[in-house]
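In case you want the letters, here they are:
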Amino acid sequence: MQIFEITDIAKFVKSLLTEDFFGKTLLYHAEVKGACRLEIDGRLNKEFFSSDDAEIITSEGNELDYVRWGDVRNLFFEAIRGTKLPLRFSVSLIMDQDFIEHFVKNSGTSIRPGEVESLNINIMYDRESLNVTSGNSYKIFTFDKSLDGFWDAFVHNTFKELDIL
């Protein structure tokens, strides 16, 4: 787990709302507190979709449990835009199973893809600061924490490439 303190909040939020990297992640949860509180639960309601919507609820043949951030970030944008900044907001993003499988296989660690529950990016804004925390969770107990460092480095390098760190 690593905490990144974001100094250019406007630039980071613009990237969050426009960059392809973020758009491909899955939304676990988002909350905006302004004039009222808006909460978005990222779990997909699969009964809402028809068989014609397969591209929305699957990724490379795997069924998704959470909505892609890119499909709902406009809701978030509508909640934060205006003349006054929100009091606070939080966004919890997770990587999809295809990404996790590829990432873990290429990490060179002893961890297997099926042993990783999630790779996370948690964003917290509180009017004075914006912090991003990278994290991960396992389905098993392991002493091998090397994947943690690879994930932290990946997030750090991605943010550097996007020029938001």
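Refer to the preceding data block for the structure.
It should be emphasised that the depicted structure is a prediction, and the values quoted were computed from it without experimental measurement.

Conventions we followed
- Residues numbered from 1 in each chain as written.
- Predicted model: local features only at pLDDT ≥ 70, side-chain atom pairs only at ≥ 80, totals over all residues.
- Heavy atoms only, no water.
- Pairing = 2+ DSSP bridges.
- Helix = DSSP H or I, 4+ residues; strand = E, 2+ residues; numbered from the N terminus.
- Salt bridge = Lys/Arg side-chain N within 4 Å of Asp/Glu carboxyl O.
- Buried < 20%, exposed > 50% of the residue type's maximum accessible area, 1.4 Å probe, protein only.
- 1 Å grid on protein atoms, 1.4 Å probe; cavity = no way out; pocket = protein on both sides within 12 Å on 5 of 7 lines; lining within 4 Å.
- Points joined across faces, edges and corners; volume = space filled by probe spheres on them.
- Nonpolar A, V, L, I, M, F, W, Y, C, P; charged D, E, K, R; others polar.
- Core = buried A, V, L, I, M, F, W, Y, C linked by side-chain atoms within 4.5 Å.
- Expected span 1.5 Å × (residues − 1).
- Arc of directions from axis to C-beta.

1. Notes on the pairing of strand β2 (residues 26-33)
Step number 1: Where β2 and strand β6 (residues 88-94) come together, seven bridges link them in antiparallel fashion. Among the inter-strand pairings, Leu-26 is bridged to a residue of β6, identified as Ile-94.
Step number 2: In terms of strand pairing, β2 meets strand β3 (residues 37-41) through five bridges, oriented antiparallel. By the bridge assignment for β3, Val-32 is matched with Leu-38.

2. Quick word on the pattern of salt bridges
Step number 1: Inspection of every chain in the model, using the stated rule, returns 10 salt bridges.
Step number 2: Between Asp-20 and Lys-24 there is a salt bridge, with the nearest N and O atoms lying 3.3 Å from each other.
Step number 3: We classify Asp-20 as partly exposed; its relative accessible area is 49%.
Step number 4: The partner of Lys-105 in a salt bridge is Glu-101, and the shortest N-O contact between them spans 3.0 Å. Here Lys-105 pairs with Glu-101, and both are found in helix α5 (residues 97-105), just four residues apart, close to one helical turn.
Step number 5: Each of the salt bridges in this network shares a partner with another, and the network as a whole consists of Glu-31, Arg-37, Glu-39 and Arg-88.

3. Points about the layout of surface pockets
Step number 1: Reported here for the largest pocket is a volume of approximately 380 Å³.
Step number 2: Along its surface, the largest pocket is lined by 22 residues, and Tyr-66, Ile-94, Met-95, Gln-97 and Glu-117 are the ones closest to its centre.
Step number 3: Those elements giving two or more residues to the lining of the largest pocket turn out to be β2, β5 (62-63), β6, α5 and β7 (116-125).
Step number 4: A total of four residues in the lining of the largest pocket trace back to one element, the largest contributor, which is β7.
Step number 5: When its residues are assigned to classes, the lining of the largest pocket shows eight nonpolar, eight polar and six charged.
Step number 6: Volume-wise, the second largest pocket comes out at about 190 Å³.

4. Things to note about the nonpolar core
Step number 1: One finds Phe-12, Phe-22, Trp-69, Phe-89, Val-91, Ile-123 and Phe-159 to be the most contacted residues of the largest nonpolar core, which totals 44 residues.
Step number 2: The leading source of residues in this core is β7, at five residues.

5. Examining helix α4 (residues 69-80)
Step number 1: Under the 1.5 Å per step criterion, the end-to-end length of α4 is 15 Å for 12 residues, consistent within 8% with the ideal 16 Å.
Step number 2: Regarding α4, the residues found buried are Trp-69, Val-72, Arg-73, Phe-76 and Ile-80. One side of α4 carries all its buried residues, which in axial view fall inside an arc of 130°. Exposed and facing more than 90 degrees away from the buried side of α4 are Asp-71, Asn-74 and Leu-75.

6. Some words on unusual backbone geometry
Step number 1: In this structure, Arg-127 is a non-glycine residue whose phi angle is positive, near 75°.
Step number 2: Take Arg-127: it is sitting in the loop between β7 and β8 (130-138).
Step number 3: Under the relative-accessibility criterion, Arg-127 is labelled partly exposed at 48%.
Step number 4: Non-glycine residue Asp-163 carries a positive phi angle of around 60°.
Step number 5: Along the polypeptide, Asp-163 turns up in the segment after α6 (146-161).
Step number 6: On the basis of relative accessible area, Asp-163 is assigned to the partly exposed category, the value being 45%.

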